[in-house]
Amino acid sequence: MIPNTERAKVLVEALPYIQRFNGATVVVKYGGHAMVDDELKQNFALNIILMKYVGMNPVVIHGGGPQIGGFLKRLSIKSEFVDGMRVTDRQTMDVVEMVLVGKVNKEIVTLINSNGGRAVGLSGKDGRLIMTRKMKYERDVGENQPPEIIDMGMVGEITSVDNRVLLSLMESEFIPVIAPVGTNKKGETYNINADLVAGHIASSLRARKLILLTDTEGVLDLEGRLISTLKMEEARRLINNRTVKGGMIPKVNCCLEALSGGVKKAHIIDGRQAHAILLEIFSKVGVGTQIVH
């Protein structure tokens, strides 16, 4: 049991951060292990609700890769990936939309609401929130060689964000929960990387913070030690010298683009840690890696 004096110290330490971020918009990308572990799912919902109750405006964007993969397997539809991205034909797109919008999104909304919050679920198709076009994916094949053009199917890149539906919900004190699915001018549906959606949404709202929940501690140096703070130019250097590699590259790039788009600060934190969001926002040390201007 934590002594009462220690509990009081925790509350006192949080007070200046509660004051500082009152009225601030915080965009949270929810994914990884935090979406499949029952205790972590409950913690996530409580973290988001507490943020709202102390005067912040949380906006949640979620992934759902494992859930999609499991459903495709049950339907005997083969999953194909290129550099970590799911190749999405029209049949797969139907499953992606069904799982993300119809199942995962509503489960998150229900979890928040059943714990006392007021969440509303939507996708990028609602209110023309996220407009997309087909992604043109080029893969480097070596020096002095033209890049390989790969057809990713119904995978989209974001062309515009119309945040009016989000602003309307936030003004009415609702918590928006967004599935990363968008549409083009023809009404065709596209699967979008959830990190990219979170970054674009954060930029459109001029969010105070963008928080990406991952299954790692944060950005690590070559010795595997956590880097607590990175300036933008330092982050770019770590990508160029391959200290940052693999799946961390798009996350760091997402943070850099969000910062360039008007977001004040971006965080990559370990969603496997209980109450990681609250620890990052309301404590002196924080957890994970923060990327700053």
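Preceding this paragraph is the structure being described.
Parameters at a glance
Residues numbered from 1 in each chain as written. Predicted model: local features only at pLDDT ≥ 70, side-chain atom pairs only at ≥ 80, totals over all residues. Heavy atoms only, no water. Buried < 20%, exposed > 50% of the residue type's maximum accessible area, 1.4 Å probe, protein only. Helix = DSSP H or I, 4+ residues; strand = E, 2+ residues; numbered from the N terminus. Arc of directions from axis to C-beta. Contact = heavy atoms within 4.5 Å. Phe/Tyr/Trp six-rings, centres within 6.5 Å; stacked < 30°, edge-to-face > 60°. Lys NZ or Arg CZ within 6 Å of the ring centre and 35° of its normal. Axes fitted to C-alpha atoms, helices over the stretch in contact; angles between N-to-C directions. Parallel < 35°, antiparallel > 145°, perpendicular 65-115°, else oblique. Left-handed = near helix turned anticlockwise from the far one by under 90°. Nonpolar A, V, L, I, M, F, W, Y, C, P; charged D, E, K, R; others polar. Core = buried A, V, L, I, M, F, W, Y, C linked by side-chain atoms within 4.5 Å. Pairing = 2+ DSSP bridges. Salt bridge = Lys/Arg side-chain N within 4 Å of Asp/Glu carboxyl O.

A. Up close: helix 3 (residues 65-74). For helix 3, the set of buried residues is Gln67, Ile68 and Leu72. Considered in projection along helix 3, the buried side chains sweep an arc of 130 degrees and stay on one side of the axis. Facing away from the buried side of helix 3 by over 90 degrees, the exposed positions are Pro66, Lys73 and Arg74. Its buried side turned inward, helix 3 meets strand 4 (85-86) and helix 4 (90-114). Positive phi appears at Ser76, one or two residues downstream of helix 3, with a value of about 60 degrees.

B. Spotlight on the environment of Gly199. Mapped onto the elements of the fold, Gly199 is located in helix 6 (residues 194-204). We classify Gly199 as buried; its relative accessible area is 6%. Sequence separation of Gly199 and Leu259 is 60 residues, and the distance between their C-alpha atoms is 8.7 Å.

C. Inspection of the packing of aromatic side chains at higher detail. Counting across every chain of the model gives one aromatic pair. With a centroid separation of 3.6 Å and an interplanar angle of 0 degrees, the aromatic rings of Tyr30 and Phe44 are classed as stacked. Of this pair, Tyr30 sits in strand 1 (residues 25-30) while Phe44 sits in helix 2 (residues 38-53); the two residues are 14 residues apart in sequence, bridging distant segments of the chain. When its relative accessible area of 4% is taken as the criterion, Phe44 is described as buried. Positioned above the aromatic ring of Phe71, the side-chain terminus of Arg74 is 4.8 Å from the ring centre. Looking at Arg118, its charged tip hangs above the ring of Phe174, at a distance of 4.2 Å from the centre.

D. Focus on the packing of helix 6 against helix 8 (residues 248-260). Axis separation between helix 6 and helix 8 bottoms out at 9 Å; the angle between their running directions is 10 degrees. Classified by the angle their axes make, helix 6 and helix 8 are roughly parallel. Both helix 6 and helix 8 take part in a crossing whose hand is right-handed. Contacts between helix 6 and helix 8 involve Asp195, Leu196, Gly199, His200 and Ser203 from the first element and Lys251, Cys254, Glu257 and Ala258 from the second. Within the contact of helix 6 with helix 8, the residues separate by chemical class into three nonpolar, three polar and three charged.

E. Region of interest: unusual backbone geometry. For Arg128, which is not glycine, the phi torsion reads 50 degrees and is therefore positive. With a phi close to 65 degrees, Arg242 is a non-glycine residue in the positive phi region. You can see Arg242 is positioned in the loop between helix 7 (232-240) and helix 8.

F. Spotlight on the nonpolar core. Ile48, Ile112, Ile277 and Ile281 are the most contacted members of the largest nonpolar core, which has 45 residues in total. With nine residues, helix 4 is the largest single contributor of residues to this core. Setting aside residues no more than four positions away along its own chain, Ile112 makes contact with Ala45, Ile48, Ile49, Gly117, Arg118, Ala119, Ile175 and Val177. Ranked by size, the runner-up nonpolar core spans 40 residues in total, among them Ile158, Met170, Ala194 and Cys255.

G. Inspection of the sheet that holds strand 1 at higher detail. Across the sheet, which stays open at both edges, the eight strands sit in the order 5-10-2-1-13-15-16-14 with mixed pairing between neighbours. Either end of the sheet is taken by a strand with one partner, and the two such strands are strand 5 (119-123) and strand 14 (229-231). The sheet shows a mean angle of 20 degrees between the axes of neighbouring strands, taken without regard to direction. The sheet contact formed by strand 1 and strand 2 (residues 57-62) spans six bridges and is parallel. The partner of Val27 across the bridge, within strand 2, is Val59. Relative to strand 2, helix 2 is tilted by about 150 degrees, and along the sheet it contacts strand 1, strand 2, strand 10 (175-179) and strand 13 (209-214).

H. Expanded view of the pattern of salt bridges. Tallied over the full model, the rule gives 14 salt bridges. The partner of Lys125 in a salt bridge is Glu97, with the nearest N and O atoms 2.8 Å apart. Of this pair, Lys125 sits in the loop between strand 5 and strand 6 (130-134) while Glu97 is found in helix 4, placing the two residues 28 residues apart along the sequence. We classify Lys125 as partly exposed; its relative accessible area is 31%. The exposure class of Glu97 is partly exposed, given its relative accessible area of 23%. Overlapping salt bridges bring together Lys29, Asp195 and Lys251 as one network.

Distances and angles like these do not, on their own, reveal function.
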